[in-house]
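Now for the letters of each chain:
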Amino acid sequence: MSARKLFNPESYELDKDFRLTRFTDLKVTGFKVPQDVLQKLLESLREGPEADPFLGTIMPKLGIGMDTCVIPLRHGGLSLAQTTDYIYPVVNDPYVMGKIACANVLSDLYAMGITKCDNMLMILGISNKMTEKERDTVIPLIMQGFKDEAEEAETSVTGGHTVMNPWVIVGGVATSVCQPNEFILPHAAVPGDVLVLTKPLGTQVSMTAYSWMDNPEKWNKIKQVVTQEDVELAYQEAMVSMARLNRSAAELMHMFNAHAATDVTGFGILGHAQNLAKQQKKEVSFVIHNLPILAKMVAVSKACGNLFSLMHGTSPETSGGLLICFPREQAAQFCAEIKSPKYGEGQQAWIVGIVEKGNRTARVIDKPRVIEVAPKMAVQNVSSKTLVKYT
C-alpha cells in the first residue's frame, strides 16, 4: 500500500469524532459462528469427488469445509473456483477498509494457489444509522478502495449487491475458471513438512487497542505496558498487512511444491490449522511452535487477561496471511524468495510449526516462541498531520 495520510474525518467535512468502526455492533470476536457449531450445520451439505460427465473420470472437488469451492465444469478439464466473504469495519479509513475487504475475499482463492481471478462481485451493506452526508462521503471511498485493490489483483468488479441495514458490511464474491495445474488442493501434507505463515498475527489486538485510545477507562488497562505511539504503529502496520494481497505467496506455492494451505482469518491461526488438518489424506497433525506477532501486542494481550487468546492461537485475524505446508527443504527458500524485489520488498514469512504423524488435529505448544514483528513504516509529522510512509 503506497504512502497516504491517515484518514482525517474533518478533511471530508465530517464530524471530527466520526469513526467507521462504530457502525457495527459485532466486532471481530462476535460475528463468526463458533467453529464446532459451523461444522455441524454444514454436515448435510458435504459431498465428495464427482465424475466428469464428458470424460468419464473422477475430478477433484472441494466444497463445504474449506473457504473456496472448486468444482468440475461440464467443459472437460476445467474447474470453477469460487468464494464469498464479507466483514464489518475494522479500521476507520473507508478507502483502506475497501482495500482490506477486497483482499480478504481474494485470499481464499490465493490459499488454493490460484493467482488469477476472472471476476469479482461486491457485497455492500450501508448503515441506516449514517447521516446522508456520512453515507455520500464514506461509501464511495469504500467502493473506490475495493475497486483499486481488485485492479491491483488484475481483476475487476462487474456487479454486486447493496442493501440498507443497521451495519456497514463490505465483501464480495471472487470467481476463477481454472485448469488443473492452476490450483493446489489442500490435502497433501506429509510428516516432515513444515508450516509457514505469511503475515503477522495480532491484528485484532492492535485494532482494539487503537480504539481504546478514545476511551480513558479502557486505555487505563494497557497504558502501563504500551505507549500511544506503540499502538499507532501497530495499527498502521496492521492496516498495511491486512490490505496486502496474498497473491505473491500463491505464486510461490507452485514454485516450492506446497502441499496444502489455508488463509488465517476469523478462527485464528489454530482454528484454521485445525480445519486444514481435517482435510489431509494422510494421518498427520500440525504442531505450531512459533507465533509471529505485531510488536507490543503480546504485552497488550497479557494486560487484558484472556480477552484475546492471542498466545493460544485463537485470536481472530482479518485478511491474515496464508498458512502453508511445505517440504522442509523448500520452506526456507520460500521465506527468502517472498522478500525479494520481484515479490515486494519488505514481505516476510516465518516457519511456525511442523507436520508430524497424527490424527488430523492441530495444536499450539504450551509455551510458543513469540517473534515480535517490528513496524516497517516510518512516521513523520507534516503540517501537523501524520504522514505514513509504507516502506
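None of these values were measured; they are calculated from a predicted model.

Definitions and cut-offs
Chains are numbered independently. Their residues run from 1 in the order of the written sequence. It should be noted that, the model being predicted, local features are given only for residues of pLDDT at least 70 and side-chain atom pairs only at 80 or more, the latter also being counted only at that level, while totals for whole chains, interfaces and linings use all residues. The basis for every side-chain value is the complete set of non-hydrogen atoms in the structure, without hydrogens or water. Only DSSP runs of H or I with at least four residues qualify as helices, and only runs of E with at least two residues qualify as strands; both kinds are numbered from the N terminus onward. The rule is simple: take the accessible area with a 1.4 Å probe, protein chains only, and divide by the maximum for that residue type; under 20% is buried, over 50% is exposed, in between is partly exposed. Working rule for contacts: check all heavy atoms of both residues, and any pair within 4.5 Å makes them a contact. To be clear on the numbers: accessible area is Shrake-Rupley with a 1.4 Å probe, and residue cover counts the displayed protein chains and nothing else. Nonpolar cores are built from buried Ala, Val, Leu, Ile, Met, Phe, Trp, Tyr and Cys residues. Side-chain atoms within 4.5 Å join them into one set. Expected helix span is given by 1.5 Å per residue-to-residue step, counting one fewer step than there are residues. A pair of strands is treated as paired once DSSP finds two or more bridges between them. As a rule, the C-alpha atoms of each element are fitted with a line to give its axis, helices using only the stretch in contact, and angles between N-to-C directions run from 0 to 180 degrees. Just to be clear on terms, a salt bridge is a Lys or Arg side-chain nitrogen sitting within 4 Å of an Asp or Glu carboxyl oxygen.

A. The arrangement of the overall build of the protein chain in detail. When you go through the protein chain residue by residue, the secondary structure sums to 10 helices and 16 strands. Scored against the burial criterion, the 391 residues of the protein chain give a buried share of 53%. Sequence separation of at least 24 residues holds for 80% of the intrachain contacts in the protein chain that already meet a minimum separation of 6. Total accessible area on the protein chain stands at roughly 17,500 Å², and carbon and sulfur atoms take up 51% of it.

B. The arrangement of the nonpolar core in detail. Core analysis: the biggest nonpolar cluster contains 90 residues, and Val91, Leu106, Met120, Ile142 and Phe286 have the highest contact counts within it. The leading source of residues in this core is helix α2 (residues 94-110), at 10 residues. Once residues lying within four places of it in the same chain are set aside, the contact partners of Ile142 are Leu20, Pro94, Tyr95, Gly98, Met122, Leu124, Val168 and Val170.

C. Focus on helix α3 (residues 132-152). The first and last C-alpha atoms of α3 sit 30 Å apart over 21 residues, in line with the 30 Å expected at 1.5 Å per residue. Where α3 is buried, its residues meet α2, β6 (119-127), β7 (157-165), β8 (169-178) and α6 (228-243). A positive backbone phi angle near 60 degrees is found at Glu154, which sits one or two residues after α3.

D. Focus on unusual backbone geometry. The phi angle at Asn257 is positive, at roughly 60 degrees, despite the residue not being glycine. Note that Asn257 resides in the loop between α7 (247-255) and β10 (260-263). Phi is positive for Arg360, close to 60 degrees, though the residue is something other than glycine. In this structure, Arg360 sits in the loop between β13 (350-357) and β14 (362-373).

E. How the structure looks around the sheet that holds β10. The sheet built from six strands is open, its strands ordered β10-β12-β9-β13-β11-β14 with mixed pairing. Lying at the two open borders of the sheet, with one neighbouring strand each, are β10 and β14. Taking the axes of each pair of neighbouring strands and ignoring which way they run, one obtains an average angle of 20 degrees across the sheet. Bridge count for strand β9 (residues 194-197) against strand β12 (residues 322-326) is four bridges, and the pairing is antiparallel. Looking at β12, one finds that Leu197 is bridged to Leu323.

F. Structural detail: the pattern of salt bridges. Counted under the stated rule, the structure contains eight salt bridges. When the shortest N-O distance is used, the salt bridge between Glu151 and Lys147 registers 2.7 Å. Note that Glu151 and Lys147 are positioned in helix α3 at a spacing of four residues, about one turn of the helix. Judged by its relative accessible area of 39%, Lys147 falls in the partly exposed class.

G. Quick peek at the pairing of strand β4 (residues 69-72). A one-sided burial pattern is seen for β4, the buried positions being Val70 and Pro72 and the unburied ones Cys69 and Ile71. By the bridge criterion, four bridges tie β4 to strand β5 (residues 79-87) in an arrangement that is antiparallel. Directly across from Val70, in β5, lies its bridge partner Ala81. Between β4 and β5, which pair antiparallel and follow one another directly, the connecting turn spans six residues, one of which, Gly77, has a positive phi of 85 degrees.

H. Geometry of helix α8 (residues 268-278). Burial runs high along α8: nine of the 11 residues are buried. Looking at α8, one finds that the buried residues are Gly268, Ile269, Leu270, Gly271, His272, Ala273, Asn275, Leu276 and Ala277.

I. Local environment of the side chain of Ser301. Examined against the element boundaries, Ser301 turns out to sit in helix α9 (residues 297-303). Leave out the neighbours within four places in its chain, and Ser301 touches Val205, Phe308 and Leu310.

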